Amino acid sequence: MSIASASPQTCTLIENVTAATMTNADLGLIEEATIFVQDGFIAWVGPRDALPANLRQAFLGSEAAGKAHRIDGHGMLATPALTDCHTHLVWAGNRAEEFRQRLHGASYQEIAEQGGGILSTVRATRAASEEELFRQSFPRAVALMQQGVAHIEIKSGYGLSLEDELKQLRVARRIGEVLPIKVSTTLLAAHALPPEYQGRSDEYIDYVVRDILPAAANEGLVDAVDVFCENIGFTRQQTDRVFRAAQQLALPVKLHAEQLSDQDGAALVASYQGLSADHLEYLSDKGIRAMADAGTVAVLLPGAFYFLRETKLPPIDALREAGVPIAVATDANPGSSPIIQLPLMMHFACSFFRMTPEEAWLGVTTHAARALGDSEQGMLKEGQRGDIALWNLRRPEEICYTFGVNPLRALLIAGQEVGEH
């Protein structure tokens, strides 16, 4: 797929597709559908023969003026473009050596306690120039776009200093400026304790709250704030301090919660009306109730579950019963999920977590957009941005059933094709 966008179109008419609108639990399928995009937003979705006369006339007029684009889908599947709502996409180096160590019996926690894990990526990211960091990270975003992703969340958290956290966020912003997709940035300065603060975690949280967070906000580099609340990360009390500081800056919060143990983090982030709680293998009933009450999205990360050989499943049935929206993301990172394939995560979510194909699709569209506070993407319906993926599939479940072949045939951003195979 090329990444050069087409010239601007006033109208785009997509015909002869099966539209999975993602507007209900059954995916809102419309057979033999037509999708009409005008000035970048969806104006109509419905059966082929029911396009309103005024919209058809508007398209014909634009077509005559050379300002329209007609696409024959030849029976393909049309869905909202995908959203990857949890990534650490900007990093330097790799952690293949730690992969080898784990296969020789070392645990993720043991490696982290010996100065590996996150801190090894911190060292590589700090050593990289901003240009080098962009050079290494940009292809990962391109790879996601080539799989139908139009919105990516990118966290910091591998700098752990004012200079290096801002460097990561600037690279993330630059990716969103160079590519036609949307990038949301999340400050994760409270990801790990940097070596210069060993044994002084409260002082490091002081630094995050006093210096890093305000600077990132003042430069317009941050859209949300995250913390790694865990027994090898930061305590619930320290997390609360970061959240209070974010709240004072009118920034929404999310949380790495209950991945390795139950720290009651999900209930905490829900108390701040947080966008999401992510991982959640050790989530309690209390946390589920709090998330349901707050509307906080559960973001499941089956790549990390797979790569770390976790055995404790997230409480999927309890989340379903409580009505908590469930999203699925790559968690793309060098240590616990070096996977840049969101459709593969849909397969993993079905195979490992026993999510249904319908849940997996909603997890990378509607619910993933909600996990980023994005009200303009995630569904095919009037008023949504014309971010649409066309797939060489007949039924939605096919993408969850197989992997290894990319079925994407076209990606449209605001109604414009940005590449093709």
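It should be emphasised that the depicted structure is a prediction, and the values quoted were computed from it without experimental measurement. (Residues numbered from 1 in each chain as written. Predicted model: local features only at pLDDT ≥ 70, side-chain atom pairs only at ≥ 80, totals over all residues. Heavy atoms only, no water.)

A tally of helices and strands in the chain yields 16 helices and 15 strands. The globule rule puts the C-alpha radius of gyration for 421 residues at 22 Å, and the 21 Å found for the chain is close to it. The dimensions of the chain, computed from C-alpha atoms along their principal axes, are 70 × 45 × 45 Å. Looking at the 421 residues of the chain, the share that counts as buried comes to 59%. Within the structure as shown, the chain displays about 16,100 Å² of accessible surface, and the carbon and sulfur contribution to it stands at 49%. Separation between the mean location of the 35 positive side-chain charges and that of the 52 negative ones in the chain comes to 2 Å. (Helix = DSSP H or I, 4+ residues; strand = E, 2+ residues; numbered from the N terminus. Rg over C-alpha atoms; globule rule 2.2 N^0.38 Å. Buried < 20%, exposed > 50% of the residue type's maximum accessible area, 1.4 Å probe, protein only. Areas by Shrake-Rupley, 256 points an atom, 1.4 Å probe, with all protein chains shown as cover. Lys, Arg positive; Asp, Glu negative; His and termini not counted. Charge placed at Lys NZ, Arg CZ, Asp CG, Glu CD.)

In total, this model carries 0 disulfides according to the counting rule given. For the unlinked cysteine C85, the closest cysteine sulfur is that of C400, found at 15 Å. (Disulfide = S-S within 2.5 Å.)

Side chains K254 and H256 project from strand 9 (residues 254-257) onto one buried face, and the interleaved L255 and A257 project onto a second face that is buried too. Summarising the sheet, strand 8 (residues 224-229) and strand 9 pair through 2 bridges and their orientation is parallel. Bridged to C229 within strand 9 is A257. Since strand 8 and strand 9 lie parallel, the crossover through helix 8 (residues 236-248) that links them has a hand, and here it is right-handed. After leaving strand 9, the chain enters helix 9 (residues 265-271) and then returns to the sheet as strand 10 (residues 276-279), a path that is right-handed. (Pairing = 2+ DSSP bridges. Right-handed = clockwise from strand over helix to strand, strands pointing away.)

This next bit is on the domain arrangement of the chain. What the domain assignment reports for the chain is domain 1 (11-81 + 379-417) and domain 2 (82-372). Centre-to-centre separation of domain 1 and domain 2, based on C-alpha positions: 31 Å. Residue-level contacts link 21 residues of domain 1 with 22 residues of domain 2. Here domain 1 meets domain 2 over a buried area of about 1,700 Å², counting both sides, of which 73% is carbon and sulfur. Here domain 1 is connected to domain 2 by 0 salt bridges. Taken together, the connections running from domain 1 to domain 2 amount to 4 residue pairs in polar contact (both at pLDDT 80 or more). (Domains from an automatic or database assignment. Contact = heavy atoms within 4.5 Å. Buried area = accessible area lost by both parts, 1.4 Å probe. Salt bridge = Lys/Arg side-chain N within 4 Å of Asp/Glu carboxyl O. Polar contact = N/O pair within 3.5 Å; in protein donor to acceptor, adjacent residues only side chain to side chain.)

On to the side chain of S137, then. Structurally, the position occupied by S137 is in helix 5 (residues 130-145). If we ignore the near neighbours within four places in the chain, the residues touching S137 are L89, V90, W91 and I175.

It is the contact of helix 6 (residues 162-178) with helix 7 (residues 201-218), at a shortest axis distance of 10 Å, that shows an interaxial angle of 35°. At the point where helix 6 passes helix 7, the crossing takes the right-handed sense. The segment helix 6 lies against helix 7, with L162, E165, L166 and L169 engaging Y207, D211, I212, A215 and A216. (Axes fitted to C-alpha atoms, helices over the stretch in contact; angles between N-to-C directions. Left-handed = near helix turned anticlockwise from the far one by under 90°.)

Look at any regular strand and the pattern is simple: side chains alternate between the two faces of the sheet. Burial analysis of strand 3 (residues 41-47) places 5 of its 7 residues in the buried class, the great majority of the element. What sits between the antiparallel neighbours strand 2 (residues 29-38) and strand 3 is a turn of 2 residues, in which D39 has the positive phi angle 50°.

Feature annotation in UniProt assigns "binding site: Zn(2+)" (unreviewed entry) to the following positions: H86, H88, H256 and D331. A maximum C-alpha distance of 12.2 Å places the annotated residues, which cover 246 residues in sequence, within one compact spot. Mapped onto the fold, H86 is located in the loop between strand 5 (82-84) and helix 2 (96-103). Once residues within four sequence positions are removed from consideration, H86 is found in contact with E153, K155, H256, D278, H279, V299, L301, A329, T330, D331 and A332. Reaching out from H86, the side chain makes a polar contact with the side chain of H88 at a distance of 3.2 Å. Positionally, D331 belongs in the loop between strand 12 (326-328) and helix 13 (342-353). By relative accessible area, D331 is classed as buried at 1%. If we ignore the near neighbours within four places in the chain, the residues touching D331 are H86, T87, H88, H279, L301, A304, S336 and S337. (UniProt positions renumbered as here; feature names shortened; annotations may be inferred.)

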